[in-house]
Amino acid sequence: MVRNRIKSHRRVRAGDLVPHEFNFRQHPPGQQTALRAIYEEVGFARSLLAYELPDGRLKLIDGHLRRDLDPDMEVEVEILDVTDAEARALLLSIDPLAALAENQSQLHERLLELTPTVNPDLRAAWEAAAAGVLSPSADSPRREVTMGPRQFLVLITCRDEKQQVELLERFIAEGMDCRALQS
């Protein structure tokens, strides 16, 4: 039986949350820009995750960027009943587990079509994710990704690996910046 470790929810000032000293995730400018953009377009819509310290303060497991973006913002925090060791295990697991998910490209493309935005930063983040730039496959080395200027991408579905290699070699020879992706 899976134990429910959620103890409560509480609204707190973001800056009052204690950042976890082992938070190994960095938040590049492009991610910060994309978060601001979704705040502008939709608003705050996801609670931060923390656990209570012996002195009553809340220590973050997930939500460091949201905490730092506006320390004076009142945020919803999901509070867990976990030990320090369990919190570290969650810190190592939450984002990496999400990154292991596989995208259904056709469904993702349809979702992009049905969800317009006038915010270019948000559109760029969505398109980068659609191109697989933000989620490298498990067998590829992790790249540091920062959202730069808006990019226009073309994704070509090849009939097999041979055609993929041929097209990649041709486009590189023509001076195009391209890479092979596999789904």
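Above this text you will find the structure in question.
Notes on the structure follow. Bear in mind that the values here come from a model prediction, so they are computed numbers and not experimental data. (Residues numbered from 1 in each chain as written. Predicted model: local features only at pLDDT ≥ 70, side-chain atom pairs only at ≥ 80, totals over all residues. Heavy atoms only, no water.)

1. Some points on the environment of Asp 95
The line we're drawing: Secondary structure elements follow DSSP: runs of H or I no shorter than four residues count as helices, runs of E no shorter than two count as strands, and numbering proceeds from the N terminus. Burial status follows relative accessibility: with a 1.4 Å probe on protein chains alone, a residue under 20% of its type maximum counts as buried, one over 50% as exposed, and anything between as partly exposed. Working rule for contacts: check all heavy atoms of both residues, and any pair within 4.5 Å makes them a contact.
Considering the arrangement of structural elements, one finds Asp 95 in helix H3 (residues 84–99). Residue Asp 95 is classed as partly exposed on the basis of its relative accessible area of 28%. Spatially, the C-alpha atoms of Asp 95 and Asp 62 are 8.6 Å apart, while their sequence positions differ by 33 residues. In this structure, Asp 95 is in contact with Arg 25 and Asp 62, ignoring residues within four places of it in sequence.

2. Side note on the sheet that holds strand E2 (residues 48–52)
Quick note on the threshold: When DSSP finds two or more bridges between a pair of strands, those strands are recorded as paired. Only the contacting stretch of a helix is used when fitting its axis, a line to C-alpha atoms as for every element, and angles between N-to-C directions run 0 to 180 degrees.
Strand order in the open sheet formed by four strands is E1-E4-E2-E3, and the pairing between neighbours is mixed. The outermost strands of the open sheet, each flanked by one partner alone, are strand E1 (6–13) and strand E3 (58–62). Strand-to-strand, the axes of this sheet are offset by a mean angle of 40°, without reference to chain direction. Note that E2 and strand E4 (residues 74–80) share four bridges and pair parallel. The residue bridging Leu 48 from the neighbouring strand is Val 77, located in E4.

3. Brief notes about the pairing of E2
For E2, a buried count of four out of five residues is recorded, marking the element as mostly surrounded by other parts of the structure. Note that E2 and E3 share four bridges and pair antiparallel. Counterpart to Ala 50 in the pairing with E3 is Leu 60. A loop of five residues connects E2 with E3, the two strands running antiparallel in sequence, and Gly 56 in this loop sits at a positive phi of about 95°.

4. Brief notes about the side chain of Asp 62
Quick note on the threshold: As used in this structure description, the phrase polar contact means that two N or O atoms lie within 3.5 Å; if the pair is within protein, one of them must be able to donate a hydrogen and the other to accept it, and residues adjacent in sequence are counted only when both atoms belong to side chains.
Relative to the elements of secondary structure, Asp 62 occurs in strand E3. The exposure class of Asp 62 is buried, given its relative accessible area of 10%. At 3.4 Å, the side chain of Asp 62 and the side chain of Arg 46 are in polar contact.

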